[in-house]
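# Structural characterization, general
So the chains spell out like this:
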Amino acid sequence: MKELVARIKEDGRVLGDGVLKVDSFVTHQVDPVLMEAIGKVFADVFRAANITKVVTIEASGIAPALYTAQKLGVPLVFARKSKSLTMNEELLTAQVYSFTKQVTSTVSISKKFLTEDDNVLLIDDFLANGQAAKGLIELCQQAGAHVEGIGIVIEKSFQDGRELLENMGIKVVSLARIASLKAGEVEFIEEDA
Ligand code: 5GP
């Protein structure tokens, strides 16, 4: 996606350890115009698939997922990382190891919001080793829901996430694919999603 790649080139900052900081438009401050355009691309790709729910994980997945859900005309459900006192119903739960925070957390979704009737599109901001996505897939499997595919805003293709998901038979659609973050430079895999 050209606007996204241009924005990463302009405002993305490479941190050590293969991490890309995009806090001025994705992960902290959010650009709603770019997010809406991202949502439209994901919705267009999956429009014919009869998606019933868009599912993401808090917090940074919510913005692109919300626009995607709006364009598809379906609800957004986001998995919560901490259990709220108001979540007193039965929960689907999975363990997720966070690449950036380096801790394992329990993520959960109320059973009432994901069922065997659902055809799910997963959305997340980054794909690194695929652990967040794997956790979301586990929640869908527990619910008996079908996972139609996953939309990723920024894929770090030098990590294992895509391979992990494709080996599970999941269709992966990434809007920016990063080949390397070496020497402080962002190198893209040249293709247009
Ligand atoms: P994975 O679970 O695929 O290993 O990592 C994906 C999750 O880690 C995303 O939900 C995102 O929050 C975070 N993440 C992974 N790599 C990066 C990165 O380079 N930059 C930022 N800002 N977040 C990342």
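All values derive from a computational prediction rather than experimental measurement. (Residues numbered from 1 in each chain as written. Predicted model: local features only at pLDDT ≥ 70, side-chain atom pairs only at ≥ 80, totals over all residues. Heavy atoms only, no water.)

Throughout the structure, instances matching the rule amount to 12 salt bridges. A salt bridge links arginine 7 to aspartate 11, with the shortest nitrogen-to-oxygen separation between them at 2.7 Å. Of this pair, arginine 7 and aspartate 11 both sit in helix α1 (residues 2-11), four residues apart, which is roughly one turn of that helix. Looking at arginine 7, the relative accessible area reads 23%, which means it is partly exposed. Here arginine 177 ties to glutamate 155 by a salt bridge, and the two come within 3.1 Å at their closest N and O atoms. Remark: glutamate 155 occurs in strand β8 (residues 146-156) and arginine 177 occurs in strand β9 (residues 172-180); sequence separation between them is 22 residues. Each member of the pair, arginine 177 together with glutamate 155, is buried. Each of Glu155, Arg162, Glu166 and Arg177 takes part in one network of salt bridges that share partners. (Salt bridge = Lys/Arg side-chain N within 4 Å of Asp/Glu carboxyl O. Helix = DSSP H or I, 4+ residues; strand = E, 2+ residues; numbered from the N terminus. Buried < 20%, exposed > 50% of the residue type's maximum accessible area, 1.4 Å probe, protein only.)

Here we come to the environment of glutamine 29. Secondary-structure assignment places glutamine 29 in the loop between β2 (19-21) and α2 (32-46). For the pair glutamine 29 and aspartate 124, spaced 95 residues apart in sequence, the C-alpha separation works out to 16 Å. Dropping the residues within four chain positions of it, glutamine 29 is found in contact with Asp23 and Ser24. Reaching out from glutamine 29, the side chain makes a polar contact with the backbone oxygen of serine 24 at a distance of 2.9 Å. (Contact = heavy atoms within 4.5 Å. Polar contact = N/O pair within 3.5 Å; in protein donor to acceptor, adjacent residues only side chain to side chain.)

Ordered by their spatial adjacency, six strands build an open sheet running β4-β3-β7-β8-β9-β10, and the pairing between neighbours is mixed. Where the open sheet ends on each side, the last strands, each with one partner, are β4 (76-79) and β10 (187-188). Strands in contact with α2 are β7 (119-127), β8 and β9; relative to β8, the strand with the most contacts, it is inclined by about 145°. Running at roughly 165° to β7, helix α4 (residues 131-143) makes contact with β3 (53-57), β4, β7 and β8 of the sheet. (Pairing = 2+ DSSP bridges. Axes fitted to C-alpha atoms, helices over the stretch in contact; angles between N-to-C directions.)

Turning our eyes to something else, we now look at the UniProt feature "binding site: 5-phospho-alpha-D-ribose 1-diphosphate" (unreviewed entry) in the protein. UniProt records the feature "binding site: 5-phospho-alpha-D-ribose 1-diphosphate" (unreviewed entry) for Ala128, Asn129, Gly130, Gln131 and Ala132 in the present numbering. From the list above, the largest pocket is lined by Ala128, Asn129, Gly130, Gln131 and Ala132. Considering the arrangement of structural elements, one finds alanine 128 in the loop between β7 and α4. Judged by relative accessible area, which is 11%, alanine 128 ranks as buried. In contact with alanine 128, not counting residues within four places along its chain, are Phe99, Lys156, Gln159, Asp160 and Gly161. Along the chain, alanine 132 turns up in helix α4. Non-local contacts of alanine 132, meaning those with residues more than four positions away in its chain, are made with Val96 and Asp124. (UniProt positions renumbered as here; feature names shortened; annotations may be inferred. 1 Å grid on protein atoms, 1.4 Å probe; cavity = no way out; pocket = protein on both sides within 12 Å on 5 of 7 lines; lining within 4 Å.)

Now for α1. Listing the buried residues of α1 in full gives Leu4, Val5 and Ile8. Buried residues of α1, viewed axially, fall in a sector of 100°; they line one side. For α1, the exposed residues set more than 90 degrees away from the buried face come down to Lys2, Lys9 and Glu10. Elements that come into contact with the buried residues of α1 comprise β2, α2, β8, β9 and β10. (Arc of directions from axis to C-beta.)

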